[in-house]
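Spelled out from the first residue to the last, the chains are:
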Amino acid sequence: MTEYLIAFNDEWVPEHTAEELRAKGTAGRAVVAEMRAEGVLIFSNGALDRSTALCSVEAVDGKPVFTDGPYVETKEHLGGFAVVDVPDDEAARYWAGRLATALDWPQEVHRFRGPGEK
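Residues numbered from 1 in each chain as written. Predicted model: local features only at pLDDT ≥ 70, side-chain atom pairs only at ≥ 80, totals over all residues. Heavy atoms only, no water.

*Asks:* Even after reading the chapter, I still don't get the overall build of the chain, so can you show me in this structure?
*Replies:* Helices and strands together make up the secondary structure of the chain, namely 2 helices and 6 strands. Counted from the first residue to the last, the chain has its helices and strands arranged as β-α-β-β-β-β-α-β. Counted over contacts in the chain with a minimum sequence separation of 6, partners at least 24 positions apart contribute 81%. About 8300 Å² of surface is accessible on the chain, with carbon and sulfur atoms providing 53% of the total. (Helix = DSSP H or I, 4+ residues; strand = E, 2+ residues; numbered from the N terminus. Contact = heavy atoms within 4.5 Å. Areas by Shrake-Rupley, 256 points an atom, 1.4 Å probe, with all protein chains shown as cover.)

Structure, rendered in structure tokens:
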């Protein structure tokens, strides 16, 4: 089995009313429940945006320096994600497609490299 990250950036999501977001949340949780039932879900989380940033950290002279803000300027923020353990790319695409359809916004799929892979 191979682990994949299925994620979306907060900026890919158009404005929604509170009611629309509740409906999307229900639909997304249903797909996550399917992943759990199939035994492929490792972990998932959502609602990550600029407001959830705790700190930033960078190495300065070999030591970590933490900053509470302002944060690095970026155009994209991770909005939510799921990590799945599935047999192949096709299965990862299937689950990403299920999420994209349920939420009606784009998803991106990344394959984690195994030990020793480049």
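Picking up where we left off.
*Asks:* I keep staring at unusual backbone geometry and nothing clicks. Help me out?
*Replies:* Glycine aside, the phi torsion of most residues is negative, and most peptide linkages are trans. Although it is not a glycine, Asp61 adopts a positive phi angle of roughly 55°. Along the chain, Asp61 falls in the loop between β3 (56-60) and β4 (63-67). You will see that Asp104, though not glycine, has its phi angle at about 60°, which is positive. Residue placement: Asp104 occurs in the loop between α2 (89-103) and β6 (108-111). A residue is classified by how much of its surface remains accessible, and Asp104, at 58% relative accessible area, is exposed. (Buried < 20%, exposed > 50% of the residue type's maximum accessible area, 1.4 Å probe, protein only.)

*Asks:* I'm lost on the pattern of salt bridges in this one. Help?
*Replies:* For the coordinates displayed, the defined rule picks out 3 salt bridges. One salt bridge connects Asp104 with Lys24, and the closest N-O pair in it is separated by 3.9 Å. Remark: Lys24 occurs in helix α1 (residues 18-38) and Asp104 occurs in the loop between α2 and β6; sequence separation between them is 80 residues. Taking the shortest distance from any N to any O, the salt bridge between Glu34 and Arg98 comes out at 2.2 Å. Linking Glu34 in helix α1 with Arg98 in helix α2, this pair joins segments that are 64 residues apart in sequence. (Salt bridge = Lys/Arg side-chain N within 4 Å of Asp/Glu carboxyl O.)

*Asks:* Is there a simple way to explain the nonpolar core in this structure?
*Replies:* One broad rule of soluble globular proteins: the nonpolar side chains tend to lie buried together. By size, the foremost hydrophobic cluster in this structure holds 15 residues, and its most contacted members are Ile6, Met35, Val40, Val84, Val86 and Trp95. Listed by contribution, the elements that provide at least two residues to this core are β1 (2-9), α1, β5 (78-86) and α2. In this view, Val40 contacts Met35, Val83, Val84, Asp85, Val86 and Trp95; residues no more than four positions away in its chain are not counted. (Core = buried A, V, L, I, M, F, W, Y, C linked by side-chain atoms within 4.5 Å.)

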